Amino acid sequence: MARRARGGESGGKAAPRRGRLLRWILVGLVVAAVIAGSVVWLNREKFVPEGCTVKTAAGAGTLEIPQAANAATISAVAHSRGLPDRAVTIALATAMQESKIRNLTGGDRDSAGLFQQRPSQGWGTYEQIKDPVYATNKFLDGLVKVPGYTRLPLTDAAQQVQRSGYPQAYAKHETKATLLASSLTGREPGSFTCVVHDFATPDSADTPSGQPGGVTSSTSPAAAPDRTQQLTERVRREFGRTVTAADGYTSAIKGAEHAVALTPEPSSSTDSGPEAARENGWAVAHWAVAQAQQLGIATVAYDGKIWRMAKSTEGWKPLGTGTSTTLVQVTLAAPKG
């Protein structure tokens, strides 16, 4: 009996110690949860994956950033030629089928690039085909030769250019291509946006660049490319004379005083009037967002709205002053180093 009493007394003293230990463990878990929650909240932008979205009344879709950049290039080149939206839709659907809108280094036999064109079939050299601007122009060169292509079923128009072994494959991409074209051509203002966490040099295996073979940069800060020069060169190559960069422009937007102003111009005699001008502006603004990661674009402002890379998860936000319906204001981030 005495032993049991001592055992009971010992157990009674151990119970409070176990209780205190449990309480300290619970306190520690609560503190850890609070700290973890604070870290998540402060870095919430990073927890939304990078990528681009299109959202209109007709539907929604997503793309990876390299796909979006290539799609924007296709649309810009068609715009520079004054071609209708249907041409953009056909080109996008074709690229979706041939390469998933990726600038591929290879493919079936000697095919490469966005449209899987083959040097042996007269599309150009491998280096030329790997240039998205050249490849898009070659596809469009063939498309505009197809009689009545805007009235043909999409798969028929694409097949007359591509001569694919799977002629009906293009049709399945028409809905998504139409949605994307409506946004990239500017018909749906503010409908295209991207989440960008970091500026990066594009992968040479999937380069949405304006140069054959992509852009390579040295790790040396002195060798870093001039971003303003890169932007204006890309605009010149992709939009041609339908978009010009204003010299010596100063923005009224706080924190974006050194913006580059891009001025959309009519791409054809029928592409005029206030609504057409607004669509042209949004086509340029959406293009700039799609190219933001590659070109180091920090903000894009147009038509009373602004996209900020630092808050890109929020998409386009209202901006009451400092923007117009005639200029697309693009701010470039300073290179690191």
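As the structure is a prediction and not an experimental result, all values here were calculated from the model.

**Things to note about the pattern of salt bridges**
Turning to step 1, where the next piece is worked out: The full count for this structure, using the stated rule, is ten salt bridges.
Turning to step 2, where the next piece is worked out: Taking the shortest distance from any N to any O, the salt bridge between Arg 187 and Asp 85 comes out at 2.3 Å. Taken together, the residues span a long stretch of sequence, with Arg 187 in the loop between α7 (174-184) and β3 (192-195) and Asp 85 in helix α3 (residues 85-99) at a distance of 102 residues.
Turning to step 3, where the next piece is worked out: For Arg 187, a relative accessible area of 36% corresponds to the partly exposed category.
Turning to step 4, where the next piece is worked out: The closest approach of N and O atoms between Glu 238 and Arg 234, which form a salt bridge, is 2.7 Å. Taken together, the residues span about one helical turn, with Glu 238 and Arg 234 both in helix α8 (residues 227-239) at a distance of four residues.

**Overview of the side chain of Ser 191**
Turning to step 1, where the next piece is worked out: The topology assignment puts Ser 191 in the loop between α7 and β3.
Turning to step 2, where the next piece is worked out: For Ser 191, a relative accessible area of 7% puts it in the buried group.
Turning to step 3, where the next piece is worked out: Those residues within four positions of Ser 191 in sequence are excluded, and the remaining contacts are Thr 53, Val 54, Lys 55, Thr 56, Ser 183 and His 286.

**Side note on the nonpolar core**
Turning to step 1, where the next piece is worked out: Residues Leu 143, Leu 180, Phe 192, Leu 231, Trp 287, Ile 297 and Val 300 are the most contacted members of the largest nonpolar core, which totals 70 residues.
Turning to step 2, where the next piece is worked out: Filtering out sequence-adjacent residues up to four positions away, Leu 143 remains in contact with Ala 87, Ile 90, Tyr 149, Ala 157 and Val 161.
Turning to step 3, where the next piece is worked out: The next biggest cluster of nonpolar side chains, apart from the first, holds five residues, and it includes Ile 253, Ala 256, Ile 306 and Leu 319.

**A few points about the packing of helix α2 (residues 65-80) against α3**
Turning to step 1, where the next piece is worked out: α3 packs onto α2 with a crossing angle of 150° between their chain directions and a minimal axis gap of 10 Å. For the element pair α2 / α3, the angle class is roughly antiparallel. Seen along the crossing, α2 lies across α3 with a hand that is right-handed. Contacts from Ala 71, Ile 74, Ser 75 and Ala 78 of α2 reach α3 at Val 88, Ala 91, Leu 92 and Ala 95.
Turning to step 2, where the next piece is worked out: Among the residues making up the contact of α2 with α3, the classes are represented as seven nonpolar, one polar and no charged.

About the thresholds
Residues numbered from 1 in each chain as written. Predicted model: local features only at pLDDT ≥ 70, side-chain atom pairs only at ≥ 80, totals over all residues. Heavy atoms only, no water. Salt bridge = Lys/Arg side-chain N within 4 Å of Asp/Glu carboxyl O. Helix = DSSP H or I, 4+ residues; strand = E, 2+ residues; numbered from the N terminus. Buried < 20%, exposed > 50% of the residue type's maximum accessible area, 1.4 Å probe, protein only. Contact = heavy atoms within 4.5 Å. Core = buried A, V, L, I, M, F, W, Y, C linked by side-chain atoms within 4.5 Å. Axes fitted to C-alpha atoms, helices over the stretch in contact; angles between N-to-C directions. Parallel < 35°, antiparallel > 145°, perpendicular 65-115°, else oblique. Left-handed = near helix turned anticlockwise from the far one by under 90°. Nonpolar A, V, L, I, M, F, W, Y, C, P; charged D, E, K, R; others polar.

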